[in-house]
Amino acid sequence: MLKSHRIEINPHQLEAYGRDEVEKIIKHELCHYHLHIRGRGYQHRDPEFKALLQKVGGSRYCQSLPDGKGRKPLPYRYKLVCKSCGTEYLRKRKIDPKRYRCGRCAGKLGLQNI
Ligand SMILES: [Zn+2]
Ligand SMILES: [Zn+2]
């Protein structure tokens, strides 16, 4: 169980989210990890998790435990495509492309289903 809960932030996420958001996501992941290894409530619905997440200022978004249920990663279902240079960023959840810019050229992004 713990083995599958690795902390992975890929470079494309760093580019599209920006460093602050990635740091918050890492904090979120560490909340899971911290509570999990202590045998505490580490899932999203657990009050201990919510309290710790708030305390450390972690992101609401999770990379590895969607809804605290399944431990399989979600498939990528969307991609952001830069309208200027064509760089693609894979996404598991629908997001608003207007809130992000291309990490390579700062061009506008479009959202596509895949
Ligand atoms: Zn999570
Ligand atoms: Zn671009």
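Regarding the coordination of the zinc ion (ligand 2)
Part 1 of the reasoning: Looking at the metal site, the zinc ion (ligand 2) is ligated by Cys82 (SG), Cys85 (SG), Cys102 (SG) and Cys105 (SG), spaced 2.3 to 2.4 Å from it.
Part 2 of the reasoning: One can describe the donor arrangement at the zinc ion (ligand 2) as tetrahedral, given that its four donor atoms subtend angles of 101 to 116 degrees at the metal.
Part 3 of the reasoning: As a motif over one chain, the donors of the zinc ion (ligand 2) read C-x2-C-x16-C-x2-C. Highlighted residues: Cys85 in the loop between strand E1 (78–82) and strand E2 (88–91) and Cys105 in the loop between E2 and strand E3 (109–113), separated in sequence by 20 residues.
Part 4 of the reasoning: Judged by its relative accessible area of 37%, Cys85 is partly exposed.
Part 5 of the reasoning: For Cys105, a relative accessible area of 36% translates into the label partly exposed.

Focus on the pattern of salt bridges
Part 1 of the reasoning: Here the structure, examined in full by the defined rule, presents two salt bridges.
Part 2 of the reasoning: The salt bridge partner of Glu48 is Arg40, with a shortest N-O separation of 2.7 Å.
Part 3 of the reasoning: Measuring nitrogen to oxygen at the nearest pair gives 3.3 Å for the salt bridge that ties Glu88 to Lys79.

Notes on the packing of aromatic side chains
Two descriptors summarise a pair of aromatic rings, namely the distance from one centre to the other and the angle between the planes of the rings.
Part 1 of the reasoning: Evaluated as defined, the whole model comprises zero aromatic pairs.
Part 2 of the reasoning: The ring of Tyr76 has Lys92 sitting right over it, with the charged end atom 5.2 Å from the ring centre.

Description of the confidence of the model for the protein chain
Part 1 of the reasoning: The predicted model of the protein chain has a mean per-residue pLDDT of 83, with 75% of residues at 70 or higher.
Part 2 of the reasoning: Long-range and interchain partners of residues 65–70, a stretch whose pLDDT sits below 50, account for 13 contacts in this model, where long-range means more than four residues apart.

Scoring rules and cut-offs
Residues numbered from 1 in each chain as written. Chains lettered and ligands numbered in written order. Predicted model: local features only at pLDDT ≥ 70, side-chain atom pairs only at ≥ 80, totals over all residues. Heavy atoms only, no water. Donors = N, O, S within 2.8 Å, 3.2 Å for Na, K, Ca; no water. Tetrahedral: all angles 85-135°; square planar, octahedral: opposite > 155°, others 65-115°. Helix = DSSP H or I, 4+ residues; strand = E, 2+ residues; numbered from the N terminus. Buried < 20%, exposed > 50% of the residue type's maximum accessible area, 1.4 Å probe, protein only. Salt bridge = Lys/Arg side-chain N within 4 Å of Asp/Glu carboxyl O. Phe/Tyr/Trp six-rings, centres within 6.5 Å; stacked < 30°, edge-to-face > 60°. Lys NZ or Arg CZ within 6 Å of the ring centre and 35° of its normal. pLDDT = per-residue confidence, 0-100. Contact = heavy atoms within 4.5 Å.

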